[in-house]
Amino acid sequence: MVEVVQTRLGVGPGTVRPRIMRNESVRSSLEVVGSNCRLPNLRENVRAGSMMLVHAVNSSSFLPSRLSPSCRLRTKNNSRSASSRKAQAKKNIRDRQPLDGDSHSADDVREFQAGKSSSASPDVNLPRGAEGNGAGTATAQIESLLSPDQVNQAPESEALVGRADTKIEISQPVKEKEDMKTSKVSLPNRGSSNEEGGPSGVSVNDLMLMIKEAEKNIILLNQVRARALEELENVRSVKDDLQGQVHVLSARLAEADAKAKLGDQAKEKNKFLEGELNSLQARLDEKEHEAKAALQLKAEYVTLQQQAQNLAARLEASSAAGSEVKVLKSQIEAYEEEVKNLRKCVADLNVKEEVVQQLEGEKQTIQEYAHCLELKLAEVEENEIENARLKAREAALQAELVRLKAELEETSDGSVVTPQLVTETDLLRKQLQALQESMKSAEEDQLALNMVQAENAALREQVQILQQRILESDTEIRQQLELYQDEVEAFQSSLEGLKADSGLGIAQVPVGEMPWDFWSNLLLRIDALMLGKQLSLDDGLELRIMAWRREARIRDAYVAVQNEKDADVAAGLTELTKLKKKPGYHVVHIAAEMAPVAKVGGLGDVVTGLGRALQKKGHLVEIILPKYDCMDYSRIKNLKVLDVELYSYFDGQTHKNKIWLGIVEGLPVYFIEPHHPAKFFWRGQFYGENDDFKRFTYFCRAALEFLLQSGKKPDMIHTHDWQTAAVAPLYWDIYVSQGLDSARLAFTCHNFEYQGVDAPGALASCGLNVQQLHRPDRMQDNFAHDRVNLLKGGIVFSNVVTTVSPTYAQEVRAPEGGRGLHLTLAQHSKKFLGVLNGIDNESWNPATDPLLEFQFSADDLNGKYANKAALRTRLGLAPSEGDDDRPLVGCITRLVPQKGVHLIRHAIYRTLECGGQFILLGSSPVPSIQREFEGIARDFDQHPHIRLVLKYDEALSHSIYAASDMFVIPSIFEPCGLTQMIAMRYGSIPVVRKTGGLNDSVFDADDSSYPEEKKNGFTFSAANEGGLNFALDRAMAYYKTNRQWWQKLVTRAMKMDYSWDHSADEYIDLYRQCLERATTKL
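First, a word on scope: everything that follows refers to the structure included in this document. Note that the structure is a prediction, hence the values are computed from the model and not measured.

## Overview of the packing of aromatic side chains
Counted according to the given criterion, the structure contains 26 aromatic pairs. On the basis of an interplanar angle of 80 degrees and a centroid distance of 5.2 Å, the ring pair of Phe 518 and Trp 519 is categorised as edge-to-face. Residue Trp 519 is classed as buried on the basis of its relative accessible area of 2%. Consider the rings of Phe 681 and Phe 696, whose centres lie 5.9 Å apart with planes at 65 degrees: the pair is edge-to-face. Of the two residues, Phe 681 is situated in the loop between β8 (667–674) and α17 (692–709) and Phe 696 in helix α17; the sequence distance between them amounts to 15 residues. Given the relative accessible area of 1%, Phe 696 is considered buried. Following the ring pairs from residue to residue traces out a cluster consisting of Tyr 628, Phe 681, Phe 686, Tyr 687, Phe 696, Phe 699 and Trp 722. Here the guanidinium or amino end of Lys 1014 rests over the ring plane of Phe 1003, the centre of that ring lying 4.5 Å away.

Shown next, in the form of structure tokens:
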């Protein structure tokens, strides 16, 4: 029967068209019919089904064309009233003759009534307009097929009487199965009727069969609808995925553009640095040519002084020892006295050198002055000759005057004086007066000449005296130099003797006072013996624990045999082997940087600072580094190569590696030198190569191979940044199964901007399984799904993950800060946290800083004020005028967008507006930014309150820290930052933006939420000029109006502890928790 109905309705496998599901009104109508197809009352069932079908057909063209032959709906207007239609229906029922097989009896009616009583019929909500579009007429025609009793039993409802006449006609007969006995159902066509004008009769069973088949058809249509909706949802989900991929690709493209720009900037920076390096090399060559013997002697003196201090430190520890040690101490004191005398001699030599230079300058000045006097003397001599000529003329004139007077007397007897005689007499008088004036002038010139001659003679005497003094000084200097050389030689020979004698008393030095270099050298010697198979692994581990505990017996045993052959050293040490409990954790740092031998950024400072802090707390710390060709080898002590060969896997074959040992800042360091054809670490630079991914994955595999072959059993392996992130997957996938399984892994990311992304095949070079790791939950890059991300692998496979400050740890959980890894961090949030970096208080100490002109401390700030005045004089800034001391604002930074370049520029002008002085030290690798600040520097070239030094100067940076009153750090983002900590250490109050490590170390003085003892600076949040003004203006106001309060703030900031001590405690606690969890799981 289902097949018959499907054939009539045109519904069957493969016949439903997708557009059926697109009409919401049709779907809703079919759903209503399907939900009410089990109405117990026949009349209600027929009416509801008819009205739903009519509405569905009238409101949509959803039925396919193949439905038309078997089930066509015709609608026409019917002007007859409802009462006439009702009467006609009753008449048709009365006149209808029963058909054969008509089985709608009273039992059927009772059956339907029973069904009605057993299950309540829900209300049928007909679609809008269904009542007036033929539903009433269709119901009336179906009622005409029922008996009068059935019509009377069914409740009449005026709401179901429609205003249009709709007729249902089945124009083709339905072919039934042979085993079913049903009657053919035919409804009259439009205008078709029997003799009385009524429709042909139809049995109730046939009508019920049609309704049931319609119900089945509706169910099929609902199933088709459900499948279509599922397909639609699938299409929508595919569309959303595609849109997400488009967004990801757009972001990746933007990131690639940014990285390309950064690459261009790096190239420009390299060019700039090359130019600076060339200029510095030229200057260095000039300085080397200008070096003198005195400077060489000073360098030797410094070296000898350091040796004396080291020897004194070693011998001072034996103050409680016997008479031999006391004698050595007295000798050291005597030599220290000699060193002081030599220092005085050197100072005297320096003073005398300065006096000689001054005398030479004075001599040159006097010689120039004497030359001028000689020229003037020549002029006087010429004047003297002219004066003699004038005197001769005067004498002739006087003789002529005497003659004329005699003639005048002769004529004075009364003779008449002629006018001519009078005129001659007057002329002679005038000539005589002129000659007298000339004589006076000549006499004055003579006096001046005599004075000049006397002064010249005096100057010549002074020149002779100075020449004599210079000769005496030269002789004395030569004598002093000879004496100094003799004393240095004697002192050096004495030191050699003391060194030889000190070995006899080293056993009397307390173990705790032995230098770290001794213990590091002992550990390296034990490792060399283990690798050389001269010590067993068990013995070697026990001896390392003894050295780690700094036991006296291993110290004494090693001192006795340290100069012997390796076999004798191994024999002497094996006698001491005994199981000991470890006094702390054995931590191995695998990193790409370590200050000061291989330092690019803050990573190198962290490795060294954290390692030294852990070592001071009693833990065994070792470092593994690549052996770069561009390292500062002068900072490595006792560098030597092991006579062993380490082979590691890479690119399908094994490669040989050389292992070097050395001591850096008191820490034992292993340097791995690959003998790979690509010369991975012989490139002249640490980073920036096209194959950096391969270079450092090779190093990671070689480092783990070294730990395995040397038999080390560290408690923690601590890796840093993407360069060593591959250690984590290599450790778990390869080396744990080979026996290197004692450690847990810690991973620190210093900057999420650099992640180490490459094609998946690059992982196969170091032996990792690409198919297992190139998955979203492992190492597949979150942006580019066809790439792998080493930084992500470090996060996923490490037991604990840290970054360099708590605030930065929160910032990287967001999409912008995490650079695509925020989702990975969210999945591993329980093992991720931030630990604030520290600074080395020994290197950054204003009380002992050798680069400062005046040392000072928190208890005595006079040296800070002196440094401020000295820096102003050095840079040509206006000095302070009485009590009107302008605040000095400092800024030391790289001029890059991350550091808030636009805010630094604004701070210069804002400081000037507020009545302060500003000093900027730094340069930019970005040419446009460098040119912009060069223009600002030219504008303020001779300004009394602004100075820009667009380069990096280590000595000047220390002076700016010490002299400045405030320090501006307006970074856009800052993972940690050390500048603010150094500034506070030197008494400069930081003015910072609240981001990253700045937010974790600087606390606003006006923020009442912080306790008073924690306030140490001024902060702002908005990365704009208004935010900077808010903080800088407040700092200026406090400085000018409340100087006593300001001095207390400076003292409090200087006394705050931002050393590595607290950070090391946090890392120790993390190590402990990680190892306890591992023990619990076991």
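There's plenty left to go through after this.
## Regarding the pairing of strand β10 (residues 744–749)
Among the six residues that make up β10, six are buried, leaving the element largely enclosed by the rest of the structure. Where burial is concerned, the two faces of β10 agree: the one with Arg 744, Ala 746 and Thr 748 and the one with Leu 745, Phe 747 and Cys 749 are both buried. Where strand β9 (residues 716–720) meets β10, five bridges bridge the pair, whose relative direction is parallel. Across the sheet, the residue bridging to Ile 717 is Leu 745, located in β10. Crossover connection from β9 via helix α18 (residues 727–735) to parallel β10: handedness right-handed.

## Brief notes about the sheet that holds strand β20 (residues 1018–1020)
Overall, parallel pairing links the six strands, which are arranged β17-β16-β15-β18-β19-β20 in an open sheet. The outermost strands of the open sheet, each flanked by one partner alone, are β17 (946–949) and β20. Each neighbouring strand pair of the sheet contributes to a mean axis angle of 15 degrees, computed without reference to strand direction. In this sheet, β20 lies alongside strand β19 (residues 989–993) in parallel orientation, the contact comprising three bridges. Within β20, the residue paired with Arg 993 across the bridge is Phe 1020. Each of β15 (888–892), β16 (917–921), β17 and β18 (966–969) is contacted by helix α28 (residues 954–963), which is oriented at about 145 degrees to β15, the strand it contacts most. Sheet strands in contact with helix α32 (residues 1043–1055) are β18, β19 and β20, and its direction is about 80 degrees off that of β19.

Definitions and limits used
- Residues numbered from 1 in each chain as written.
- Predicted model: local features only at pLDDT ≥ 70, side-chain atom pairs only at ≥ 80, totals over all residues.
- Heavy atoms only, no water.
- Phe/Tyr/Trp six-rings, centres within 6.5 Å; stacked < 30°, edge-to-face > 60°.
- Buried < 20%, exposed > 50% of the residue type's maximum accessible area, 1.4 Å probe, protein only.
- Helix = DSSP H or I, 4+ residues; strand = E, 2+ residues; numbered from the N terminus.
- Lys NZ or Arg CZ within 6 Å of the ring centre and 35° of its normal.
- Pairing = 2+ DSSP bridges.
- Right-handed = clockwise from strand over helix to strand, strands pointing away.
- Axes fitted to C-alpha atoms, helices over the stretch in contact; angles between N-to-C directions.
- Contact = heavy atoms within 4.5 Å.

Just distances and angles here, no functional claims.
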